[in-house]
Amino acid sequence: MKVAEAVGRALHAAGVGQVFGVVGSGNFHLTNAMVAAGSRFVAARHEGGAATMADAYARMSGTVAALSVHQGPGLTNAMTGIAEAAKSRTPLLVLAAEVTEPRSNFYVDQDALARSVGAVTARVTSAEDAVTEALDAVWRAVCERRTVLLNLPLGVQVLDVPDDASALTVVPPERASLEPEFAAVEALARVLEKSRRPVFVAGRGARSPGARDALAALAERHGALLATSAVARGLFHGDPWSLDVSGGFASPLAAELIQEADLIVGWGCALNMWTMRHGRLIGADTTVVQVDDDASALGAHREVHLGVTGDVELTARRALETDDANRQSQQGKQARQGQQSQDAGQGFRTADTGEAIAARVRWRDVPYEDTSTRERIDPRTLSIALDDILPAERVIGVDSGNFMGYPSMYLSVPDENGLCFTQAFQSVGLGLATAIGAALARPDRLPVAALGDGGAMMGAAELDTVRRLGLPMVVVVYNDDAYGAEVHHFGPDGHPLETVEFPPTDIAAVARGYGFEAVTVHTRADLKAVEDWLAGPRSAPLLIDAKVVADRGAWWLEEAFRGH
């Protein structure tokens, strides 16, 4: 058995069941070996799209995914998607063929390339160690939550593997939950007990039903309001005390209440410039606590008063247990002294706050002046209408750009698996591939890709992948014929905008060329075609070319550019 086949079989046995990529001569045998072993391979039209599909699939499935690419240009084509995955700590295995001769036209320093964007590297070095080295790469991707580049030199791939080396028993790795230290939990419990206006902000590290339930119980105990970072949006969907997203996307009421907090606890959340609006959501006297199972994340973006290293769910449950023990002890002491025990305060959960959240925390409930015309639709009006029309069980992939806040915040999601937000690198052009990967991970939901016209044209090749896979996807293009972020950032100062504005493009016609059904939307009435598509067989995907009003920047744009 050749190394390529042995490694492919071992990777499948280790739990790598989904592979994306573009196959060339260097990764042909490895990819086919994985398919023969039982992994599913999805061929993208470009390695950049394949990388983002794999990233999104891993995020939404909770499993490790693989990206398979040709040596040299196959890897360089994929680097933007790999950078996004690495910055997001997505457990992703990049399988790259490699030439080791510097005189080859395919040669690049693949290790240095991967490390430059935050990925870690490994290499198959011999026939004897090939399987073990490949399994070590899977272990690191899963257990350290890292994007790992596994280089497979062409000369090693064709070697014969010794029988004993290919017959190893393979056990899929699992990431162990990190138990917090008792003293840290005690300190957290004391801080919570003193707080009168606590807010919990949950991030990527809290995206699980178990973490959600533990946080909701602890929040109820202390009267805390609940919020998430953008990547964890939907985690507290349906909870009457949820503020939805914290940060630049926050509604005016959500921002106001977070600023009033005397305690902010970040649970698996970086509390970075986006989630805390460059610190402006943190009051001068607010206590800041961060809980994360990666000690290096604590205080990485801002100073914290208390850092707890531990799994989010375990830490929240241990804090509840500590509360129970402390209360029992206090009640016993009060009983011995003839005092009446005191119940926990209501914290932030007052009747007035509850009424305000119910009425005004959603962006769609914030009054606005509809600037739609007969030719262009206000993106808020478009988004609210789509929220009403599209099924509630949806999974949304969003591209980057001026438009991105509208679908991210105006389209509701049923839970933490309803929005795939690939924005750690802020690259335009990843949205369609994001939606494809998310759709394959969640086939039970209607996939929705929300793109700007810039990102739609960048990723247009993957429209073929949507059609070829038979995905019943809705692609919404917020089309303002420009790179809107740059228009609204530089335009007010009188800078020339010819480099970021484009002639009108019939993106609906482009989509039809790929086999889509398509509709051009100028007004709310044009969305009747979307309702008709939803009521029909959905045998072909649908693209909505929405001509949106372009006279103003999105509300979050000013916040975003403050970080540049």
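First, a word on scope: everything that follows refers to the structure included in this document. Each residue is numbered by its place in its chain's sequence as written, counting from 1. Local features in this predicted model are restricted to residues of pLDDT 70 or higher, and side-chain atom pairs are both shown and tallied only at a pLDDT of 80 or more, whereas totals for entire chains, interfaces and linings draw on every residue. Excluding hydrogens and water, the side-chain values take into account all heavy atoms of the structure.

Observations concerning empty space enclosed by the protein
Put simply, the test is: Only protein atoms enter the 1 Å grid used here, on which a cavity is any set of points holding a 1.4 Å probe that cannot leave and a pocket is any open set flanked by protein within 12 Å on both sides along at least five of seven lines; residues with an atom within 4 Å of a point are listed as lining. Grid points are joined across faces, edges and corners, and a volume is the space filled by probe spheres set on the points. A run of DSSP states H or I qualifies as a helix once it reaches four residues; a run of E qualifies as a strand once it reaches two. Both are numbered from the N-terminal end. Here the term charged refers only to Asp, Glu, Lys and Arg, the term nonpolar to Ala, Val, Leu, Ile, Met, Phe, Trp, Tyr, Cys and Pro, and the term polar to all other amino acids, Gly among them.
Enumeration according to the criterion identifies one cavity of 30 Å³ or more in this entry. Size it by volume and the largest cavity reaches roughly 50 Å³. Forming the walls of the largest cavity are Leu451, Ala456, Met457, Ala460, Leu463, Val475, Val477, Ile507, Val510 and Leu543. Elements supplying a minimum of two residues to the lining of the largest cavity: helix H18 (453-458), strand E16 (474-479) and helix H21 (507-513). Looking at the lining of the largest cavity, its residues break down into 10 nonpolar, no polar and no charged.

A few points about the packing of helix H1 (residues 3-13) against helix H7 (residues 130-143)
Stated formally: Note on method: axes are straight lines fitted to C-alpha atoms, helices fitted across the in-contact stretch only, with angles between N-to-C directions ranging 0 to 180 degrees. A clockwise turn of the near helix away from the far one marks a right-handed crossing, whereas an anticlockwise turn of less than a right angle marks a left-handed crossing. For this analysis, residues touch if any pair of their heavy atoms sits within 4.5 Å.
It is the contact of H1 with H7, at a shortest axis distance of 9 Å, that shows an interaxial angle of 35°. Seen along the crossing, H1 lies across H7 with a hand that is right-handed. Contacts between H1 and H7 pair Val3, Ala6, Val7, Ala10 and Leu11 from the former with Ala130, Val131, Ala134, Leu135 and Val138 from the latter. Classifying every residue of the contact of H1 with H7 gives 10 nonpolar, no polar and no charged.

Thoughts on the pairing of strand E5 (residues 120-123)
The side chains of a regular strand alternate, residue by residue, between the two faces of the sheet. Note the threshold: DSSP-based pairing: two strands are paired if at least 2 bridges between them are found.
Bridge analysis of E5 against strand E6 (residues 147-153) gives four bridges, and the strand direction is parallel. Each bridged residue has a counterpart across the sheet, and for Val120 the counterpart in E6 is Val148.

Here we look at the side chain of Ser229
Applied cut-off: Three exposure classes are used, based on accessible area relative to the maximum for each residue type with a 1.4 Å probe and protein chains only: buried under 20%, partly exposed in between, and exposed over 50%.
Tracing the backbone through its elements, the reader meets Ser229 in the loop between strand E8 (225-228) and strand E9 (242-245). The exposure class of Ser229 is buried, given its relative accessible area of 6%. In this structure, Ser229 is in contact with Val201, Ala202, Gly203, Arg204, Val245, Cys269 and Thr275, ignoring residues within four places of it in sequence.

Examining the pattern of salt bridges
What counts is decided by this rule: For salt bridges, the criterion is a side-chain nitrogen of Lys or Arg within 4 Å of an Asp or Glu carboxyl oxygen.
Throughout the structure, instances matching the rule amount to 33 salt bridges. In this structure, Asp244 and Arg233 form a salt bridge, with 3.0 Å as the shortest nitrogen-oxygen distance. Residue Asp244 is found in strand E9, and its partner Arg233 is found in the loop between E8 and E9; the two are separated by 11 residues along the sequence. Just as Asp244 is buried, Arg233 falls in that class too. Salt bridges sharing partners connect three or more residues here, namely Arg364, Asp387, Asp388 and Arg394.

Topic: helix H14 (residues 351-360)
Operational definition: Each C-beta atom gives one direction from the helix axis, and the arc is the one those directions make.
Within the sequence span of H14, burial applies to Thr353, Gly354, Ala356 and Ile357. Seen along its axis, H14 keeps its buried residues to an arc of 165°; they face one direction. Opposite its buried face, H14 presents the exposed residues Ala351, Asp352, Glu355 and Ala358, each directed more than 90 degrees away. In this structure, the buried residues of H14 make contact with E8, E9 and helix H12 (252-259).

Topic: a negative patch on the surface
Cut-off, in case you're wondering: Note that patches include only residues with greater than 30% relative accessible area and no salt bridge, and the join distances are 9 Å for like charges and 5 Å for nonpolar side chains (Val, Leu, Ile, Met, Phe, Trp, Tyr). All accessible-area figures derive from a Shrake-Rupley calculation using a 1.4 Å probe, and residue coverage is judged against the displayed protein chains alone. Positive charges come from Lys and Arg, negative ones from Asp and Glu, while His and the chain ends are left out of the count. To locate a charge, take NZ of a lysine, CZ of an arginine, CG of an aspartate or CD of a glutamate.
A cluster of like negative charges, contributed by Glu128, Asp129, Asp163 and Asp164, occupies part of the molecular surface. Note that Asp129 resides in the loop between E5 and H7. Judged by relative accessible area, Asp129 falls into the partly exposed class, the value being 38%.

Notes on the sheet that holds strand E7 (residues 198-202)
Where strands meet in a sheet, backbone hydrogen bonds hold them as pairs that are either parallel or antiparallel. Ordered by their spatial adjacency, six strands build an open sheet running E9-E8-E7-E10-E11-E12, and the pairing between neighbours is parallel. Each having just a single partner strand, E9 and strand E12 (306-309) make up the two edges of the open sheet. Neighbour-to-neighbour, the strand axes of this sheet turn through a mean angle of 15°, independent of strand direction. As defined by bridge partners, E7 adjoins strand E10 (residues 263-267) across five bridges and the pair is classed as parallel. In the strand pairing of E10, Val199 is matched with Ile264. Sheet strands touched by helix H11 (residues 209-222): E7, E8 and E10. Its angle to E7, the strand with the most contacts, is close to 170°.

Regarding the environment of Asp109
Along the chain, Asp109 turns up in the loop between strand E4 (92-98) and helix H6 (110-116). By relative accessible area, which is 41% here, Asp109 ends up partly exposed. Sequence-wise, Asp109 and Ala529 are 420 residues apart; in three dimensions their C-alpha atoms are separated by 51 Å.

What about the nonpolar core?
So the rule is basically this: As used here, the term nonpolar core means buried Ala, Val, Leu, Ile, Met, Phe, Trp, Tyr and Cys residues forming a set that is joined through side-chain atoms within 4.5 Å.
Membership of the largest hydrophobic core comes to 54 residues, with the highest contact counts inside it found for Leu67, Ile82, Leu432, Met473 and Val475. Contact partners of Val475, with chain neighbours within four places excluded, come to Leu432, Ala449, Leu451, Phe516, Leu542, Leu543 and Ile544. Core analysis: the second largest hydrophobic core is formed by 44 residues, Trp363, Leu382, Met409 and Phe421 among them.

Brief notes about the side chain of Asp399
Its location among the elements puts Asp399 in the loop between strand E13 (394-398) and helix H16 (405-410). The buried charged residue Asp399 lacks any salt bridge partner; its closest oppositely charged side chain belongs to Arg59, at an N-O distance of 12 Å. Not counting chain neighbours up to four residues away, the residues in contact with Asp399 comprise Met404, Gln423, Ser427, Val428, Gly429, Leu430, Gly431, Ala450, Leu451 and Gly455.

A few points about the packing of aromatic side chains
Our working definition: Only Phe, Tyr and Trp rings are paired, with Trp represented by its six-membered ring, and only when their centres lie within 6.5 Å; those with planes under 30 degrees apart are stacked, over 60 edge-to-face, the remainder tilted.
Scanning all chains against the criterion turns up seven aromatic pairs. Ring centres of Tyr483 and Phe502 lie 5.3 Å apart, and the angle between their planes is 90°; on these two criteria the pair is classed as edge-to-face. On the criterion of sequence distance, the pair formed by Tyr483 in the loop between E16 and helix H20 (484-490) and Phe502 in the loop between H20 and H21 is long-range, its members being 19 residues apart. Among the aromatic residues, ring-to-ring pairing joins Trp363, Tyr406 and Tyr410 into one connected group.

Purely geometric numbers; function is a separate question.
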